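Tertiary structure, described
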Amino acid sequence: MNTAGHSEATVRRGLELTPFRGLRYDPDRVGSLAAVTSPPYDVVVRPDGLHHLQSADPYNIVRLILPQATTPTARNEQAADTLRRWQTEGVLTPDAEPGLYVYEQRHSDGMLQRGIIGALRVSDPSEGVVLPHEDVMPHVVADRAALMRATSANLEPLLLTYRGNGSTSAATQLVERVTDRPPLLSTTTEDGFSHRLWSITDPAELAGVQSDLAEHQALIADGHHRWATYRRLRTEHTSPSAWDYGLVLLVDTARYPLRVRAIHRLLHGVPVAEALAALEGRFRIRHLPVPLPQALDALADAACVGNAFLLAGDGAFHLIDRPDPDLLARTVPADHPAAWRTLDATVLHATLLDHVWHIPEDSPAHIAYIHDTAATVEKAERDGGTAVLMHPVREEVVRDLARQGVTMPRKSTSFGPKPASGLVLRTLDL
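**Topic: the confidence of the model for the protein**
Chain-level statistics for the protein give a pLDDT mean of 92 and a share of 97% at 70 or above. Contacts from residues 1–11, a stretch scored under 50 in pLDDT, to residues over four places away or in other chains number 30 contacts.

Below, the structure written as structure tokens:
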């Protein structure tokens, strides 16, 4: 395990963000811009959310990021054909000149996020420029790589964060100046978020942003599998090439803090009673005859003290906490920092999935990873499985571990709000 620390001061080569010619929907050719957007591919709850998005508009971006066919090859060929057809028909059109894009998301609850979309130089973790904090599943990387090869495109931006100097940062100052200008597009999606996009093409403004970002490193907030895919595809092509860069959204969290939420697990074919029986004598189990919001409050209270999880799927909620210390000592690897050993995700994977329930974490047939809490519970109740609800990790814990070169268990965190897919795409032949 690599535990070499990476600090802002020791970055040899910082973030290199370059302009690109964005490919965007022509608003006159689609029902509405909101109707053609989608959450990121791994947030779409399947099959319900997928069907909903497909029916929202015949040109919804989900037909590119999650194409539906009988085989992986057919799916990828279908996405490539669809992308070419939409460009030929003028549904998707390239901007006239390369630029960086300022992207704003705003919600009525007061949430405001602004960042910059561009093509970022792909780097390895050893460079200390882009820091991953989670492991990835090889089959997901292979799937995304096949789709990107077929389409020769980055269809949706990753979400990366960096710690600037707040409102004094040159990049952030430019972002805030740009948002006073008329946007390229403005739309509101059904989740209540309004989205606005601007293009930066002025050479002086571009140079200022690039100079500022060159002093920083970034944390992958969302998109570990796609970043690993960028790295794989870069090695497959002779450098220099367009594959040396990948589409990202960079957010200065010193100015615009993100929300950190948990990613929940759905255990297929494991009834709640069976999951609970295996925990007897190993965890404290409390049955909570309360609605979901109150159950989550109880989970938050328990998580302040130690490892805690909510199980659901039988019409009730069951809080499990206070794991047997001897069980943890036997099952949690000791060759990691204490902050890693005590993570809920670590205990879930090392102790519960591996040792207690004997469930392979990388098998879609046995386990699903779902961001939406209510959807996880509903699917467990409908399918007869077990929902394992998690409490989120604080961003500073994630960043500190990443700087030590320590990766968290896969799907440990959900930073947000995530960029909507479909507002701007990057094709590698433009």
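Now that the structure has been shown, we can carry on.
**Description of the environment of Pro-203**
Along the chain, Pro-203 falls in helix α7 (residues 203–213). The exposure class of Pro-203 is exposed, given its relative accessible area of 62%. Between the C-alpha atoms of Pro-203 and Gly-99, which are 104 residues apart in sequence, the distance is 9.3 Å.

**Observations regarding the packing of helix α5 (residues 138–151) against helix α8 (residues 224–236)**
For the pair α5 and α8, the least separation of the axes is 9 Å and the interaxial angle reads 60°. Judged by the inter-axis angle, α5 sits oblique to α8. Like other packed secondary-structure pairs, α5 and α8 cross with a definite hand, here right-handed. Contact residues: Val-140, Val-141, Ala-142, Arg-144, Ala-145, Met-148 and Arg-149 in α5; His-225, Arg-226, Ala-228, Thr-229, Tyr-230, Arg-232, Leu-233 and Glu-236 in α8. Looking at side-chain class alone, the contact of α5 with α8 contains 8 nonpolar, 2 polar and 5 charged residues.

**Topic: a negative patch on the surface**
Taken together, Asp-314, Asp-372, Glu-378 and Glu-381 make up a surface patch of like negative charges. Looking at where Asp-372 falls in the secondary structure, it is placed in the loop between β18 (367–370) and α14 (373–383).

**Remarks on the packing of aromatic side chains**
All told, the structure shown has 4 aromatic pairs when counted by the stated rule. Taken together, a centroid distance of 5.3 Å and an interplanar angle of 55° make the contact between Phe-20 and Tyr-101 tilted. You can see Phe-20 sitting in the loop between β1 (17–18) and β2 (23–25) and its partner Tyr-101 sitting in strand β4 (residues 100–107), a full 81 residues away along the chain. Look at Phe-20 and you get buried, because its relative accessible area is 6%. By relative accessible area, Tyr-101 is classed as buried at 0%. Between Trp-227 and Tyr-230, the ring centres sit 6.0 Å apart and the planes meet at 65°, which makes this aromatic pair edge-to-face. Of this pair, Trp-227 and Tyr-230 both sit in helix α8, 3 residues apart, which is roughly one turn of that helix. On the accessibility criterion, Trp-227 (4% relative accessible area) is buried. Each member of the aromatic cluster is reached from another via a ring pair, and the members are Tyr-25, Tyr-59 and Trp-86. In this structure, Arg-144 packs its charged tip against the face of Tyr-41, placed 4.0 Å from the ring centre.

**Let's talk about the sheet that holds strand β17 (residues 317–321)**
The 6 strands are arranged β15-β17-β16-β19-β14-β18 in an open sheet whose pairing can be described as antiparallel. The outermost strands of the open sheet, each flanked by one partner alone, are β15 (284–288) and β18. Across the sheet, the mean angle from the axis of one strand to that of its neighbour is 25°, orientation sign disregarded. Pairing between strand β14 (residues 264–267) and β18: 4 bridges, direction antiparallel. Residue His-264 lies in a different strand from β18, and its bridge partner there is Ile-370. Docked against the sheet, helix α10 (residues 292–303) engages β15, β16 (308–312), β17 and β19 (386–389), running at close to 155° with respect to β16. Taken strand by strand, helix α13 (residues 344–356) contacts β14, β16, β17, β18 and β19, and its axis lies near 60° from that of β16.

Each value, and the rule that gives it
- Residues numbered from 1 in each chain as written.
- Predicted model: local features only at pLDDT ≥ 70, side-chain atom pairs only at ≥ 80, totals over all residues.
- Heavy atoms only, no water.
- pLDDT = per-residue confidence, 0-100.
- Contact = heavy atoms within 4.5 Å.
- Helix = DSSP H or I, 4+ residues; strand = E, 2+ residues; numbered from the N terminus.
- Buried < 20%, exposed > 50% of the residue type's maximum accessible area, 1.4 Å probe, protein only.
- Axes fitted to C-alpha atoms, helices over the stretch in contact; angles between N-to-C directions.
- Parallel < 35°, antiparallel > 145°, perpendicular 65-115°, else oblique.
- Left-handed = near helix turned anticlockwise from the far one by under 90°.
- Nonpolar A, V, L, I, M, F, W, Y, C, P; charged D, E, K, R; others polar.
- Patch = residues over 30% accessible without salt bridge, like charges linked within 9 Å, V, L, I, M, F, W, Y side chains within 5 Å.
- Areas by Shrake-Rupley, 256 points an atom, 1.4 Å probe, with all protein chains shown as cover.
- Salt bridge = Lys/Arg side-chain N within 4 Å of Asp/Glu carboxyl O.
- Lys, Arg positive; Asp, Glu negative; His and termini not counted.
- Charge placed at Lys NZ, Arg CZ, Asp CG, Glu CD.
- Phe/Tyr/Trp six-rings, centres within 6.5 Å; stacked < 30°, edge-to-face > 60°.
- Lys NZ or Arg CZ within 6 Å of the ring centre and 35° of its normal.
- Pairing = 2+ DSSP bridges.

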